[in-house]
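Chain by chain, the residues run as shown.
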Amino acid sequence: MQLKTKGYACLLLMVVLVLAGCGAPPAVLPTQAAVAVLATAVPTQPAIATNAAAPPPTAAPENTAVAEAESAGERPLLPRFSRNTNTDTGSQPTGLNAAAPGPDAFAQAAFTLNTPLPADPTSATVLRAVGLPFNSQQAQNLAARFGFDGPVYSEVLPDVLQSPAGLPADAAAPPELTPAFFAFDGPRTLNIGPQIATYTDSRVPVDYQNPAAFAQAAPIAEAFLQAQGLLDFPYALQEGWGQEVFVVRVIDGRPASQPEISVGVGGGGQVAYASYQMAGAPVPVGSYPLIPAETAWQQLQAGVDASIMTAITPRNVGPATEPDGGFQYWPRQHQSGPDVHLYAWPAAYLPADGTGAPRIQMLGYTLQADEGTLAALAEQVGQNVHVWGSLDTAVNTLTVAGWEPLPELNPLFKNGVLQRVDGQARLQDAQTGETFILPDVPADVPDGAAVNVFAWAVREAGQPFPVLDWEGIDRQLSDEAGAAGAVALEGAGETAVPAYQQITINQVELAYYRQTMGGEASPEVLWQPAWVFHATADNGDVLTFTIQAVDPAFRQP
């Protein structure tokens, strides 16, 4: 089954890229003889920055006092900033609003400073948080904080993702995967990894074209996080990408340059999704001398290399849209009913405590059946199956009436004219002349339109014509529209930015840069001071350059 195969292939590729991007992790910092536990006071009033580029309001400062008698030799050397080895997951913008610099993006750029350079501070505290143990109990605790009172699960992965058995002799062994934990509550799901937990609520629609204004979304996101007890550190709220609200840690009155929590506010003023980066309570490593902002400014003018963290928000902020060109696509949206058929790989989840029945999902629907049926379906992970039964879309649950394995399932491709007759959508195949009934066709598919249909099976259902179990419908392109669409699509999906000619620095501030170190299963987090340059390019792009501020004498070789 191509769609599911693609999904697991993407999962495997994502793991490979993450592992490849980590490089050699920086050495773990030596344990300090004594550290002071940080106060985790939360601002009594919402800390909302009206502009992501402006300094957020000061929150309650953390207790970062260190012994004055600590000598320079007792402070550990700090890892250098590097895009090649930094494993932080929140350092760059995510989604369609982010862009990656090309190899020559800054080669010809002239930098202009349009703001005074700060004269202080000359020293700042570095913080460190020991990684939390990654196990089912920690996952259960976090799930409870998000309001999940059921068990946590671990996913059953296909054999090809877990062992080299069955692979060609010359194939590389699959990477070792760190298992994730899952919690479920109807349409709400919590995916808990070693570093990040991701929350989603499928009931909440998200209008990416018309996101909620930050002033409206921020209080909603803050109230949601406060209700879960997740805002247990000094913080400020910043405008994120689209409908997202970012929560950044505030250290000694200065913000971190990356969010620790991101919340997406959808329709009806509800939270549609959130990501939460996990770490233990921060403690101070020590107070370190800083390079002047002038030195960082000279480094930026000398060239943007891998030691300068760069974030780019393209001028045309907003999700990418498909060029019109006469092309439209409709995915299958199953409707509630007693005779619904699904074709896919089942996703199986076993209770982390080893007790209870497995949880089976297909195409986002939870399958409800006796324990024996669920156990049998769990053994089909990585294989195509056909499941049918009664679907209730209000709770995303399919009550299974029967199922069958279909290891040799192949997709069907039909094309012809779609017609609506007696309340039914029908397709007459242009190649064979056969007529098929298409259930659940969206109302906006035009009657009489020439369409392509991607399907899985043809069923006899006691109707005048067989039923085509389709997965997607698209309108055929005319020759002229097709050519126009191909030109428009030629650059779609590109993330590299063009070469800049002029970059103007509008603000310079000292902030904190978050680095993740150590192994994936128990990562440690380090917050280092950094000079952050906020800029605008000649084409309107918004750029942020983050330069390590700790004196080079205190950096690792």
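Residues numbered from 1 in each chain as written. Predicted model: local features only at pLDDT ≥ 70, side-chain atom pairs only at ≥ 80, totals over all residues. Heavy atoms only, no water.

**Structural notes on the overall build of the protein**
1) Next: Looking only at helices and strands, one finds six helices and 30 strands in the protein.
2) Next: Across the protein, contacts joining residues at least 24 apart in sequence account for 71% of those joining residues at least 6 apart. (Helix = DSSP H or I, 4+ residues; strand = E, 2+ residues; numbered from the N terminus. Contact = heavy atoms within 4.5 Å.)

**Observations regarding the side chain of Arg 249**
1) Next: Among the structural elements, Arg 249 can be located in strand E9 (residues 244-251).
2) Next: Here Arg 249 falls in the buried class, since its relative accessible area comes to 6%.
3) Next: Here Glu 260 takes part through its side chain, which lies 2.6 Å from a polar atom of the side chain of Arg 249. (Buried < 20%, exposed > 50% of the residue type's maximum accessible area, 1.4 Å probe, protein only. Polar contact = N/O pair within 3.5 Å; in protein donor to acceptor, adjacent residues only side chain to side chain.)

**Section: the nonpolar core**
For soluble globular proteins, the rule of thumb is that nonpolar side chains tend to be buried together.
1) Next: Among the nonpolar cores identified, the biggest contains 41 residues, and Ile 503, Phe 533 and Phe 545 are the most heavily contacted of them.
2) Next: Mapped by element, the contributors of at least two residues to this core are strand E3 (123-129), strand E13 (283-289), helix H4 (293-302), strand E28 (502-517), strand E29 (524-537) and strand E30 (542-548).
3) Next: Excluding anything up to four places from it in sequence, Ile 503 contacts Phe 106, Ala 109, Ala 110, Phe 111, Thr 112, Ala 535, Thr 536, Ala 537, Leu 543 and Phe 545.
4) Next: Membership of the second largest hydrophobic core comes to 32 residues, among which are Leu 142, Ala 143, Phe 148 and Val 263. (Core = buried A, V, L, I, M, F, W, Y, C linked by side-chain atoms within 4.5 Å.)

**A few points about the pairing of strand E26 (residues 467-475)**
1) Next: Burial runs high along E26: eight of the nine residues are buried.
2) Next: Note: strand E15 (residues 329-331) against E26, three bridges, orientation antiparallel. Along E26, the bridge assignment pairs Tyr 329 with Asp 474.
3) Next: Examined bridge by bridge, strand E25 (residues 450-459) and E26 share eight bridges and lie antiparallel to one another. Looking at the pairing, Ala 455 lines up with Trp 470 of E26. (Pairing = 2+ DSSP bridges.)

**Describing the packing of aromatic side chains**
1) Next: Applying the stated criterion to the full structure yields 19 aromatic pairs.
2) Next: Consider the rings of Tyr 199 and Phe 224, whose centres lie 5.4 Å apart with planes at 45°: the pair is tilted. With Tyr 199 in strand E7 (residues 196-201) and Phe 224 in helix H3 (residues 214-227), this residue pair connects regions lying 25 residues apart in the sequence.
3) Next: Residue classification places Tyr 199 among the buried residues on the basis of a relative accessible area of 3%. (Phe/Tyr/Trp six-rings, centres within 6.5 Å; stacked < 30°, edge-to-face > 60°.)

**A word on the pairing of strand E24 (residues 435-438)**
1) Next: Burial along E24 is two-sided: Thr 435 and Ile 437 and Phe 436 and Leu 438, pointing in opposite directions, are all buried.
2) Next: Relative to E24, strand E23 (residues 424-429) runs antiparallel, the two being bridged by four bridges. By the bridge assignment for E24, Arg 426 is matched with Ile 437.

**Some details on empty space enclosed by the protein**
Over the atoms rolls a probe the size of a water molecule, and in doing so it shows where empty space is left.
1) Next: For the structure on display, the rule yields three cavities of 30 Å³ or more.
2) Next: Approximately 50 Å³ is the volume attributed to the largest cavity.
3) Next: For the largest cavity, the full set of lining residues is Arg 332, His 334, His 341, Leu 342, Tyr 343, Leu 363, Trp 456, Asp 469, Trp 470 and Glu 471.
4) Next: Contributions of two or more residues to the lining of the largest cavity are made by strand E16 (337-344) and E26. (1 Å grid on protein atoms, 1.4 Å probe; cavity = no way out; pocket = protein on both sides within 12 Å on 5 of 7 lines; lining within 4 Å. Points joined across faces, edges and corners; volume = space filled by probe spheres on them.)

**Comments concerning the environment of Leu 117**
1) Next: Relative to the helices and strands, Leu 117 resides in the loop between strand E2 (110-113) and E3.
2) Next: For the pair formed by Leu 117 and Phe 533, sequence separation is 416 residues and the distance between their alpha carbons is 9.9 Å.

**Describing H3**
1) Next: Over its 14 residues, H3 runs 20 Å from end to end, which matches the ideal 20 Å to within 8%, given 1.5 Å per residue.
2) Next: Among all positions of H3, only Phe 214, Ala 217, Ala 218, Ala 221, Glu 222, Phe 224 and Leu 225 are buried. Seen end-on, H3 carries its buried residues on one side only, within an arc spanning 160°. Exposed side chains of H3 directed beyond 90 degrees from the buried face belong to Ala 215, Gln 216 and Ala 227. (Expected span 1.5 Å × (residues − 1). Arc of directions from axis to C-beta.)

**Section: the confidence of the model for the protein**
1) Next: For the protein, per-residue confidence averages 78 on the pLDDT scale, and 73% of positions sit at 70 or higher.
2) Next: Within the model, the stretch residues 86-98 combines pLDDT values under 50 with 42 contacts to residues more than four positions away or in other chains.
3) Next: Counted against residues more than four places away or in other chains, residues 317-324, with its pLDDT under 50, gives 12 contacts. (pLDDT = per-residue confidence, 0-100.)

**Here's the deal with the environment of Gly 253**
1) Next: Assignment of secondary structure puts Gly 253 in the loop between E9 and strand E10 (254-255).
2) Next: Gly 253 sits 258 residues away from Ala 511 along the chain, and the two C-alpha atoms are 9.3 Å apart.

**Observations regarding unusual backbone geometry**
1) Next: Here Asp 120 and Pro 121 are connected by a cis peptide whose omega angle stands at 5°.
2) Next: The topology assignment puts Pro 121 in the loop between E2 and E3.
3) Next: The backbone phi angle of Asp 252 is positive, close to 50°, even though this residue is not glycine.
4) Next: Structurally, the position occupied by Asp 252 is in the loop between E9 and E10.
5) Next: You will see that Asp 422, though not glycine, has its phi angle at about 50°, which is positive.
6) Next: Among the secondary structure elements, Asp 422 is positioned in the loop between strand E22 (412-421) and E23.

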